Amino acid sequence: MKSMETNDQSQLDPRAVNATSVNAEDDSTESKEPEALKITAASSNPKMFTLPWNQPLATWPDNLLVNLPRGISRHVVRFVRVGTDVYAMKEITRSVAEREYELLRRLRKLDLPTVTPIAVVTGRHDKDGNPLEAMLVTEHLKYSLPYRALFARNLRTDTAERLIDALAVLMVRLHLAGFYWGDVSLSNVLFLQDADAYSAFLVDAETGDLHANLTEGQREYDIDLARTNIIGELMDLSSGKLLPGDVDEVEVGNRLVDRYHSLWSALTDVDTFNPDEMWKIEKRVNKLNELGFDVDELEVKTAADGTHVLVRPRVVDAGYASRKLMRLTGLDVQENQARRLLNDLDTYRASSWRQNEDLEVVATDWMRDVYEPTVRMIPEEYRSQIEPAQFFHEVLDHRWFLAENAGHDIPMAEAVQSYVKNVLPQYKLDKKAMKDINADADSGVIDDEFTYADDSVRSDQDTDGDGYNPEDDPDAAVWSH
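Residues numbered from 1 in each chain as written. Predicted model: local features only at pLDDT ≥ 70, side-chain atom pairs only at ≥ 80, totals over all residues. Heavy atoms only, no water.

- Looking up the protein chain in an unreviewed UniProt entry gives the name LPS kinase, with the organism given as Bifidobacterium apri.

Listed below in structure tokens is the structure:
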């Protein structure tokens, strides 16, 4: 894979061109490794400089590590607590680390859903002066899980389809921005619950490349590779009895192709209208808004026959509802969560007979009277495990369920108490499941020469030989649907 530098930089979005001071070298270039430790960071966290960079990542002490489920990777990956932050550390070659850091910085500047790059660390040497691989540091995406962790608990039977739908949206967004992925799979994505759906975030950009625009061939190659990889990953889940028996792996893979093409068409097709059908333009824009995309401008021109009008929307980004909610309330949430919260805001507005008041004023009162009192009822031990907006959405669902059974409205506080007692505990990922997931993740490592038989590098507080002491881990309980 050639470096991004082979692309015509002048054609790229200026935000991407100026995203970082790190410019990865072409793979054919063999410059000398730094003789001393070098940390290029997009974070001012001073504790970054106190980490044991002179040790292989697989031997870092347990008191630095956070027990979170990891996805399958070819490289050693660990979650590390750095002050109050949690970072994902990946040990890879210098050229790959610099290139991926550069790509992630550029994608983030384009407001695309990826993990946030924190640093690239080069010039690492052990205490004897032997060179160690470089390190890519990214911020842990709070509340997210890899797909294998999602299937390690009792989920809805349509979970695979919902994950595929999220991946299709991610692929379309990346392709619209000119990003060629080159290694699309569920393993290279993290998933966040978004009301009754999921949002997908790019984690691994090692094989990617950023262009001004993608050709149809590049897009179709990504789609075909994604289908093949997903079918294989789901078959692997099925062999491990993690996939519901009624899920057809090939059908789910085909669903990605169909969903991608359907969404791509909705966002990029040119519509043809008669001059007296211009109202259909508003209908097209509303449809795109419902899909979660903003329209920046419309290109309208007369067709060659002179009797039709051609309309092409310029879609700028996803997040229509989330940006509206942010403007009204300051809440930064996922798109489907935002839709649910906006619907509840509308219900509050109607029930209080305030349809004629400014929505901004009503939103302020809704935050004070409804949303904030509800999310304050999240028990302290759950606050790092479930997103407040997701909690609010699920409480609303639970309240409706309780009201259906009771035949009358249920107070919000009562619904919260019932939800916390009867629903939330069902989604705990136990210690054994966590251990199995991370063992699977490590099984894919191809560059780790470290053996866990060496107990000398383990924490003295490890009581059962698995390298993990739950009493010292505030993140031991992982929650998700």
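Moving on, there is more to tell.
1. A few points about the overall build of the protein chain
Part 1: Counting secondary structure elements, the protein chain contains 13 helices and 14 strands.
Part 2: Counting every position in the protein chain, which comprises 481 residues, the buried fraction comes to 51%.
Part 3: A separation threshold of at least 6 residues defines the contact pool for the protein chain, and within that pool the share at least 24 residues apart is 67%.
Part 4: Surface exposure of the protein chain reaches about 23500 Å², of which carbon and sulfur atoms provide 48%. (Helix = DSSP H or I, 4+ residues; strand = E, 2+ residues; numbered from the N terminus. Buried < 20%, exposed > 50% of the residue type's maximum accessible area, 1.4 Å probe, protein only. Contact = heavy atoms within 4.5 Å. Areas by Shrake-Rupley, 256 points an atom, 1.4 Å probe, with all protein chains shown as cover.)

2. A short note on the nonpolar core
Part 1: Judged by nonpolar contacts, the single largest core of 61 residues is most densely connected at Leu 167, Met 171, Phe 179, Trp 181 and Phe 191.
Part 2: Take this core: its biggest share by element is ten residues, from helix H4 (residues 159–176).
Part 3: Beyond its immediate chain neighbours, meaning those up to four positions away, Phe 179 contacts Leu 103, Leu 107, Leu 174, Leu 202, Ala 205, Gly 208, Asp 209, Leu 210 and Leu 214.
Part 4: The next biggest cluster of nonpolar side chains, apart from the first, holds 36 residues, and it includes Tyr 348, Leu 396, Ala 403 and Leu 424. (Core = buried A, V, L, I, M, F, W, Y, C linked by side-chain atoms within 4.5 Å.)

3. Some points on the pairing of strand E5 (residues 134–139)
Part 1: Across the six residues of E5, five count as buried, placing the element largely inside the fold.
Part 2: Of the strand pairs in this sheet, strand E3 (residues 85–92) and E5 are connected by six bridges, and their pairing is antiparallel. By the bridge assignment, Tyr 87 is partnered in E5 with Glu 139.
Part 3: Where strand E4 (residues 117–122) meets E5, four bridges bridge the pair, whose relative direction is antiparallel. If you follow Pro 117 over to E5, its bridge partner there is Thr 138. (Pairing = 2+ DSSP bridges.)

4. A word on the packing of aromatic side chains
Part 1: Counted according to the given criterion, the structure contains eight aromatic pairs.
Part 2: Plain terms: the ring middles of Tyr 260 and Trp 264 are 5.9 Å apart, the flat faces sit at 10 degrees to each other, and that makes the pair stacked. With Tyr 260 and Trp 264 both in helix H6 (residues 249–268) and four residues apart, the pair spans about one turn of that helix. The exposure classification of Tyr 260 matches that of Trp 264, with both residues buried.
Part 3: Between the aromatic rings of Tyr 371 and Phe 392, the centroid separation amounts to 5.1 Å while the plane-to-plane angle is 50 degrees, which identifies the pairing as tilted. (Phe/Tyr/Trp six-rings, centres within 6.5 Å; stacked < 30°, edge-to-face > 60°.)

5. Focus: unusual backbone geometry
Part 1: Within the chain, Asp 111 stands out as a residue other than glycine whose phi angle is a positive 60 degrees.
Part 2: Within the element layout of this structure, Asp 111 appears in the loop between helix H2 (94–109) and E4.
Part 3: Of note, Lys 241 is a non-glycine position whose phi angle comes to about 60 degrees, a positive value.
Part 4: Mapped onto the fold, Lys 241 is located in the loop between helix H5 (216–239) and H6.

6. Digging into the side chain of Arg 354
Part 1: Relative to the helices and strands, Arg 354 is located in the loop between helix H9 (335–351) and helix H10 (359–375).
Part 2: Classification of Arg 354 by relative accessible area gives buried; the value is 13%.
Part 3: Each residue touching Arg 354, except ones within four places of it in the same chain, is listed here: Tyr 348, Arg 349, Val 361, Val 362 and Asp 365.

7. Digging into the sheet that holds strand E2 (residues 77–82)
Part 1: Read across the sheet, five strands follow the order E1-E4-E5-E3-E2 without closing on themselves; strand pairing throughout is antiparallel. Lying at the two open borders of the sheet, with one neighbouring strand each, are strand E1 (38–41) and E2. This sheet shows a mean twist of 25 degrees between the axes of neighbouring strands, independent of strand direction.
Part 2: In the packing of H2 onto the sheet, contacts are made with E1, E3, E4 and E5, and the angle to E4 comes to roughly 160 degrees. (Axes fitted to C-alpha atoms, helices over the stretch in contact; angles between N-to-C directions.)

8. So, the pairing of E3
Regular strands have side chains that alternate between both faces of the sheet.
Part 1: E3 sits mainly inside the fold: seven of its eight residues count as buried.
Part 2: Sheet analysis places E2 next to E3, joined by six bridges and oriented antiparallel. Looking across to E3, one finds that Val 77 is bridged to Lys 90.

9. Re the pattern of salt bridges
Oppositely charged side chains can form a pair if their charged atoms are brought close together.
Part 1: For the structure on display, the rule yields 19 salt bridges.
Part 2: Taking the shortest distance from any N to any O, the salt bridge between Glu 206 and Lys 90 comes out at 3.1 Å. Within this pair, whereas Glu 206 is found in the loop between strand E8 (197–202) and strand E9 (209–210), its partner Lys 90 is found in strand E3, the two being separated by 116 residues in sequence.
Part 3: Classification of Glu 206 as buried rests on a relative accessible area of 15%.
Part 4: The partner of Arg 259 in a salt bridge is Asp 165, and the shortest N-O contact between them spans 3.1 Å. Taken together, the residues Arg 259 in helix H6 and Asp 165 in helix H4 connect sequence positions 94 residues apart.
Part 5: Residues joined by salt bridges that share partners form a network here, namely Arg 74, Lys 90, Glu 100, Asp 183, Asp 204 and Glu 206. (Salt bridge = Lys/Arg side-chain N within 4 Å of Asp/Glu carboxyl O.)

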